[in-house]
Amino acid sequence: MESLYDMDDAGDSKVGPETEPAPVEDGPRSKSIQLLEFDLIRERVADFASFYPARLLVLGQGPSYVRLEVADLQRETVEGRALLDERGDVSLQVSSDVTPAIKRASLGGILSGMELLEVTESLEVHRRAKNAVLSVRHKAPTLAELAQGIPDLDELRRQIRSRIGDNGAVLDDATQTLRALRSQIRQAYDRVAGALSTIIQSPVGQEALQDNVISVRGDRLVVQVKQEMRRRIPGIIHDASNTGATIFVEPFSTVELGNTWRELALEEEREIIRILRDLTSLVGQLSDDILQGNDLTARLDFILARARYSQSIGGVCAMPILPAPSGDGEAHGKSTIRLIQARHPLLGSDGVPINLSIGPDWSVLVVTGPNTGGKTVAMKTVGLLALMHQSGLQIPADDGSSLPVFDGIFADVGDQQSIEQSVSTFSSHMQNVVDILRVATPNSLVLLDELGTSTDPEEGSALAKAILQDFAEREITTIVTTHHRSVATFAEATPGMMNASVQLDANTLKPTYHLTTGVPGRSYAMSVAASLGLPQRLMEQARSLMEPQYLRFEDWLNELQREREQLQQRLQQADETQAHLESLRSQLTEQIDYIVSHRDDILDSVRRELLSQYEETRGRLRKAEAALSWSTAPQQPSRFRQDVARFRREVEEGRPQMPSPAPLRVPERPLAVGDTVFVRGLNLKGTLVSLPEQQGDAEISIGSVKIQVDPRRLSIVDGPSEPTKPGVSIDLGPVLESAELDLRGQRVEESLLKLEELLDKAVRDGLSTLRVIHGRGTGALRNAVREHLRRHPLVGSFGPESPEHGGDGATSVQLK
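Being a predicted model, the structure only gives us computed values, none of them experimental.

Colleague: Help me understand the overall build of the chain in this model?
Modeller: Along its length, the chain carries 23 helices and 21 strands. Here the chain holds 816 residues, and 42% of them are scored as buried. If you take every contact in the chain between residues at least 6 apart in sequence, the share linking residues at least 24 apart comes to 69%. For the chain, the computed accessible surface area is about 43800 Å², with 51% contributed by carbon and sulfur atoms.

Colleague: Is there a simple way to explain the pattern of salt bridges in this structure?
Modeller: Opposite charge on two side chains permits pairing when their charged atoms draw close. Scanning the model with the defined rule gives 37 salt bridges in all. Two residues, Glu250 and Arg220, come together in a salt bridge whose shortest N-O distance is 2.8 Å. Highlighted residues: Glu250 in strand S4 (residues 246–251) and Arg220 in strand S2 (residues 220–226), separated in sequence by 30 residues. Here the two residues Glu250 and Arg220 agree in accessibility, since each one is buried. Put simply, Arg744 and Asp742 hold a salt bridge, and the shortest N to O gap is 2.9 Å. What you see here is one network of salt bridges that share partners, running through Glu124, Arg127, Asp154, Arg157, Arg161 and Asp166.

Colleague: I tried to follow the packing of aromatic side chains on my own but got confused; where do I start?
Modeller: Centre distance and the angle of the planes are the two values used to describe a pair of aromatic rings. Evaluation of the coordinates by the stated rule reveals 2 aromatic pairs. Between the aromatic rings of Phe48 and Tyr309, the centroid separation amounts to 6.0 Å while the plane-to-plane angle is 70°, which identifies the pairing as edge-to-face. One end of the pair, Phe48, is in the loop between helix H2 (38–46) and helix H3 (52–60); the other, Tyr309, is in helix H12 (residues 287–312), and 261 residues separate them in sequence. Just above the ring of Phe248 sits the side chain of Arg217; from NZ or CZ to the centre is 4.0 Å. One Lys or Arg, Arg306, reaches over the ring of Phe302 and ends 4.8 Å from the middle of that ring.

Colleague: For this particular structure, what's the right way to read the pairing of strand S10 (residues 477–481)?
Modeller: Across a regular strand the side chains alternate sides, sitting on one face of the sheet and then on the other. Counted residue by residue, S10 has 5 buried out of 5 residues, so it is predominantly covered. Both faces of S10 are covered, namely the face carrying Thr477, Ile479 and Thr481 and the face carrying Thr478 and Val480. As paired elements, strand S7 (residues 364–368) and S10 share 4 bridges and run parallel to each other. When the sheet's bridge partners are listed, Val366 is paired in S10 with Val480. Of the pairings in the sheet, the one linking strand S9 (residues 445–448) to S10 comprises 4 bridges and is parallel in character. Following the sheet pairing, Leu445 is matched in S10 by Thr477. In this view, the connection linking S9 to its parallel neighbour S10 by way of helix H15 (residues 457–473) has right-handed handedness.

Conventions used here
- Residues numbered from 1 in each chain as written.
- Predicted model: local features only at pLDDT ≥ 70, side-chain atom pairs only at ≥ 80, totals over all residues.
- Heavy atoms only, no water.
- Helix = DSSP H or I, 4+ residues; strand = E, 2+ residues; numbered from the N terminus.
- Buried < 20%, exposed > 50% of the residue type's maximum accessible area, 1.4 Å probe, protein only.
- Contact = heavy atoms within 4.5 Å.
- Areas by Shrake-Rupley, 256 points an atom, 1.4 Å probe, with all protein chains shown as cover.
- Salt bridge = Lys/Arg side-chain N within 4 Å of Asp/Glu carboxyl O.
- Phe/Tyr/Trp six-rings, centres within 6.5 Å; stacked < 30°, edge-to-face > 60°.
- Lys NZ or Arg CZ within 6 Å of the ring centre and 35° of its normal.
- Pairing = 2+ DSSP bridges.
- Right-handed = clockwise from strand over helix to strand, strands pointing away.

Laid out in structure tokens, this is it:
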């Protein structure tokens, strides 16, 4: 497989990396895209785009026919999936495309408040996209380079948000003038409304008005007057009801108040327009930056849409994403198709995976088999996956699958008969084949369905053979389906061609949809006819009319199919077993490598932990010894002192060592065969048996075992390594359950014994704070306890508890 960065186009390289292939008319290409239903793939990918302009990019995408462009697209998708895996999905949803509004602002138009809010929404999405990508720049350097180009327009966003509310209205605090105007407007409105309310509540109003409400007509506040009473409330008539029974009158007494209210409202409108104009002017001045951010965000979401879709179908990248090592690449520079468990992306879980390979020593694959067996689906799967691959999408297949970059993908699929143009099925297919023959190159992929059908079988098969031989001689990658047995026989005997077949289940006669390379297919016509109930006499007569050679060929195919099915079952079992073993081996190798590379760190950590536990145990023993030496309790058994002394001896004898690594001697000479060496990472000593001449591993003998080791891990060593002494396990009894002692109602001597026992256990268990409850009473028990604590060597300080915890009825003790 060629590297994405292989710039050497000498020899037989399929597609040049720097230049577009020779121009090919868009007719055959675009027609093939429709026949292979790539439009449905575009629609599905578009559903994964959250940024509206990105959806337009998806729907307009098409395959590239330049290798470096395809490499860039695939690299972007790989990084997009890495971003999704690293930090999860990134929502870039916006309500609409602001591009028309931005362009109108740049031409001097005034945007509405809602349009300005949509601009800020887009700016927030730009910032979110940029931050998301830059947070994983180590995994997505190409995407990070795109994100760096998104301008920082946070100040513009802040300016709009500080002046425009969530409903698109200009906020009161947008300017001091607007705040003052709106305050005056509210006051003016209240004056007009108050005057009208007075009229409504007056005796005249109660008699003359149709309804006791204030209405608005033509931006004026009015009351609803009965037609026959209009002279009772003189004023300006602004409107009348449909029936004419009610007229809307602005009383003369409120006209001046209404004029003041309307003047202020008009002034408010002018101030709002000025604010919108100022904000729009900012948007217009920064229109290029906003559109640049829009374009880059759309590009990023376009990439993420491809990544999301690829992730949803379990896609893999079908070309290498790193530069290949120096060399000639693939044999003879020829690209090959290799699909492993490839699935048709439009069939979902109903699709049966296929395995298919073409090349490098042959270029034409002839697929035969029964109707509804899956020949056409298998062929269209290859074409559709090639289009997806060259559009930057990953393909639904297993790891190890690979596709070249074709300079054209040409297909003739289905019945394209045209009654309007008086074109028969055969003529339509043949015209397509003629067009493809004219434009196809050795870098193209050609897909022909049912070549040579819809005409006389003899002539049709002859035409099919001639066309296939031309494709084979020109080394054009071609997949053909056919029912002509003679075409399959021709392919078997012609260099540059290979047979493949789809089969029916031998027992149920239902399609298996599995593609088998190297074997021509059967038609199953006789078997299907018999299963459908064709009379036996007719079946026998049909067999008698068949050529003996054909019958022998069918028998051979039947036997070959049975043997192949058995072999496939065994191979599948072997592959599953091997895959399981490889998985176990990989896990074991990874664990061993980790242990070897971190051995010193692991041992050092264990030693330090043991030493820490040892020092902690010693500290507790010192406190226990101090407590025993100080204790005045007559009931104290001497065996406690003996146990503590014995524990101390055992602890001292079992003290964990922190040995330094084996003594190394810095050699004044290079390593030589026969040297005793220390192997870093294994902490083993051995004898150097051999050294590599230039690069490679040295051979070390450790006892009767010989191992290969990197020479850089070897050092000349003197003396044996120190053995590790075993540790000591000491049981000092159960852990103290509570750090509180309640002595209320007990005698002094009994209380002091319990206090001493509590102190011993607290020291043993590493507690630092105790609480002794003795009550207030006469104070005798409290004084005895505190005197005992004052003279005790393990007590650092003590004092009365806080009022909420008992005050002087309890004592808080802090140990040293």
